[in-house]
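So the chains spell out like this:
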Amino acid sequence: KAGVTQTPRYLIKTRGQQVTLSCSPISGHRSVSWYQQTPGQGLQFLFEYFSETQRNKGNFPGRFSGRQFSNSRSEMNVSTLELGDSALYLCASSSLAGNPVGEQYFGPGTRLTVT
Amino acid sequence: GQQVMQIPQYQHVQEGEDFTTYCNSSTTLSNIQWYKQRPGGHPVFLIQLVKSGEVKKQKRLTFQFGEAKKNSSLHITATQTTDVGTYFCAGPDSNYQLIWGAGTKLIIKP
């Protein structure tokens, strides 16, 4: 079974631009979560989607948004990029959502650099 | 809100020494998950603990879930260079959203 894939793997943008990142979950997984990871930091939860609906949202500004398609693929968008948005963006899929919480399968991440 | 505290932030050990990381939750957890992230990699699921007082072993790794289901630990016996990485714990909040510890970075001293 193919793992979680994320595209692109690396991205360089300038301040003020917007960016869209893509995540394809493991086949059959309907839950997709997004995380931001900065050097030396833990995993900061952005949002979770299940069956095209946002289940949970982390404490990030409205510039960060996401969506999920009927095939469970998910995208996240960051508008008006700031230097502080430079990070590794990780996507994780799971076969479960809600109770119980399923194990998370992470993709390789998209490394975003904002200059 | 619910918090999961993980200590220490870093642990330097000589190869062959033991390593332990601890997680403490501000609330009772229904379960706790552990992940490992190798340098330059992504988190990989290690194990999930569900029962009060549960102890599970994976070769040199021992995972424990406290009796009150508010704390957990991961102990590695006789560390090897392959153990290098950051170990994260995570437990669900009342919305069944995983709350993550900050991670413990295991560094093997040369």
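Help me get a handle on the interface of chain B and chain A, residues and values and all.
Tallying the contact residues gives 16 residues for chain B and 19 residues for chain A. The three residues of chain B that bury the most area against chain A are Tyr96, Gln97 and Trp100 of chain B, which together make up 35% of that side's buried surface. Viewed at the interface, chain A and chain B are joined by zero salt bridges. Applying the counting criterion to the chain B and chain A interface returns seven residue pairs in polar contact (both at pLDDT 80 or more). At the level of elements, β4 (32-37), β5 (43-49), β9 (85-92) and β10 (98-100) of chain B are the ones that each hand at least two residues to the side of chain B that touches chain A. In terms of residue class, the side of chain B that touches chain A is built from nine nonpolar, seven polar and no charged.

Explain the environment of Ala90 of chain B residue by residue, including any values.
All names here are of chain B. With respect to the helices, strands and loops of the structure, Ala90 is situated in strand β9. Sequence spacing of Ala90 and Trp100 is ten residues, and the spatial spacing of their C-alpha atoms is 4.3 Å. Dropping the residues within four chain positions of it, Ala90 is found in contact with Asn31, Ile32, Gln33, Leu98, Ile99 and Trp100.

Now, about the pairing of strand β6 (residues 55-58) of chain B: what can you tell me, with residues and values included?
Residue and element names in this part refer to chain B. Sheet topology note: the β6/strand β7 (residues 61-65) ladder contains four bridges and is antiparallel. Within β7, the position partnered with Lys56 by the bridge is Phe63. A loop of two residues connects β6 with β7, the two strands running antiparallel in sequence, and Lys59 in this loop sits at a positive phi of about 55 degrees.

Account for the pattern of salt bridges, naming residues and giving values.
Applying the stated criterion across every chain, the model contains seven salt bridges over all chains. Arg55 of chain A serves as the salt-bridge partner of Glu48 of chain A, at 2.5 Å between the closest nitrogen and oxygen. Residue classification places Glu48 of chain A among the buried positions, given a relative accessible area of 4%. The closest approach of N and O atoms between Glu54 of chain B and Lys56 of chain B, which form a salt bridge, is 3.7 Å. Taking relative accessible area as the criterion, Glu54 of chain B reaches 15% and is therefore assigned buried. Bridged by salt links that share partners, the residues Arg63, Glu82 and Asp85 of chain A form one connected network.

Any details on the packing of aromatic side chains? Residues and values, ideally.
All names here are of chain A. In the structure shown here, the tally under the stated rule is twelve aromatic pairs over all chains. Here Phe60 and Phe64 contribute two aromatic rings whose centre-to-centre distance is 5.1 Å and whose plane-to-plane angle is 65 degrees, an arrangement assigned as edge-to-face. Overall, the relative accessible area of 18% leaves Phe60 in the buried class.

Definitions and cut-offs
- Residues numbered from 1 in each chain as written.
- Chains lettered and ligands numbered in written order.
- Predicted model: local features only at pLDDT ≥ 70, side-chain atom pairs only at ≥ 80, totals over all residues.
- Heavy atoms only, no water.
- Contact = heavy atoms within 4.5 Å.
- Buried area = accessible area lost by both parts, 1.4 Å probe.
- Salt bridge = Lys/Arg side-chain N within 4 Å of Asp/Glu carboxyl O.
- Polar contact = N/O pair within 3.5 Å; in protein donor to acceptor, adjacent residues only side chain to side chain.
- Helix = DSSP H or I, 4+ residues; strand = E, 2+ residues; numbered from the N terminus.
- Nonpolar A, V, L, I, M, F, W, Y, C, P; charged D, E, K, R; others polar.
- Pairing = 2+ DSSP bridges.
- Buried < 20%, exposed > 50% of the residue type's maximum accessible area, 1.4 Å probe, protein only.
- Phe/Tyr/Trp six-rings, centres within 6.5 Å; stacked < 30°, edge-to-face > 60°.

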